[in-house]
Amino acid sequence: MLVISLPCLLFSQQVQQYEYLTMTQRMHQIKISRINAPLEVVDISSELSEDKKEYFWDYRPLMIRINEFEKDGWELFSNQVYTDGASFQTSNYVLMRRRKL
């Protein structure tokens, strides 16, 4: 029993620490949320397509910001795109990176 428990105990103490952030685009805003920082709300109206037919499908501002975070060591971990029933689409992305010790 001790032989099995010892490796489990050693493994549990070697858990890697990660930082996570969420980045959500809805309408003309991107919201960036992190544990150790205030919620950042970015107005992207001036960056969106001027064609109203494409306005809700223009995710270039979001992708630009994801690329900026990737340069700083963040990796795309998960994403979810959903609608709220009123034809408004929301894209939510989770990024992670190894915690700097």
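Below is a short write-up of the structure.

About the cut-offs
Every chain is numbered independently, its residues counted from 1 as its sequence is written. Local features in this predicted model are restricted to residues of pLDDT 70 or higher, and side-chain atom pairs are both shown and tallied only at a pLDDT of 80 or more, whereas totals for entire chains, interfaces and linings draw on every residue. Think of the side-chain values as coming from all heavy atoms in the structure, minus any hydrogens and water. Note: two strands are recorded as paired if DSSP finds a minimum of 2 bridges between them. Secondary structure counts use DSSP, requiring at least four H or I residues in a row for a helix and at least two E residues in a row for a strand, with both numbered from the N terminus. To obtain each axis, a line is fitted to C-alpha atoms, and for helices this fit is confined to the stretch in contact; angles are then taken between N-to-C directions over 0 to 180 degrees. Put simply, buried Ala, Val, Leu, Ile, Met, Phe, Trp, Tyr and Cys residues joined by side-chain atoms within 4.5 Å make one nonpolar core. Burial here depends on accessible area, computed with a 1.4 Å probe over protein chains only, as a share of the maximum for the residue type. Under 20% is buried, over 50% is exposed, and the range in between is partly exposed. Only heavy atoms enter the contact rule, under which two residues are in contact if any of them lie within 4.5 Å. Whether two aromatic rings pair depends on their centres lying within 6.5 Å, for rings of Phe, Tyr and Trp, where Trp uses its six-membered ring; planes under 30 degrees apart make the pair stacked, over 60 edge-to-face, and the rest tilted.

Strand pairs in the sheet, formed through backbone hydrogen bonds, run parallel or antiparallel to each other. With antiparallel pairing, five strands are arranged side by side in an open sheet as β3-β2-β1-β5-β4. Each edge of the sheet is formed by a strand with only one pairing partner; in this case those strands are β3 (37–43) and β4 (75–83). The mean angle between the axes of side-by-side strands here comes to 15°, regardless of whether they run parallel or antiparallel. In this sheet, strand β2 (residues 29–34) lies alongside strand β1 (residues 18–26) in antiparallel orientation, the contact comprising six bridges. Within β2, the residue paired with Thr24 across the bridge is Lys31.

Below, the discussion takes up the nonpolar core. In terms of nonpolar packing, the biggest core is built from 14 residues, with Leu21, Met23, Ile30, Leu62, Phe69 and Leu95 touching the most fellow members. Looking at this core, the elements with two or more residues in it are β1, β2, α3 (60–71) and β5 (89–98). The greatest single-element share of this core, amounting to three residues, is contributed by α3. What Leu95 contacts, discounting residues up to four positions off in sequence, is Glu19, Tyr20, Leu21, Met23, Ile66, Phe69, Trp74, Glu75, Leu76 and Phe77.

Take the environment of Glu70 next. By secondary structure assignment, the location of Glu70 is in helix α3. Distance from Glu70 to Leu95, taken between C-alpha atoms, is 8.7 Å for residues 25 residues apart in sequence.

Per the counting criterion, the structure on display carries three aromatic pairs. Taken together, a centroid distance of 6.5 Å and an interplanar angle of 50° make the contact between Tyr18 and Tyr20 tilted. A network of ring pairs unites the aromatic residues Tyr18, Tyr20 and Phe77 as a single cluster.

This is a description of form; function is not addressed.
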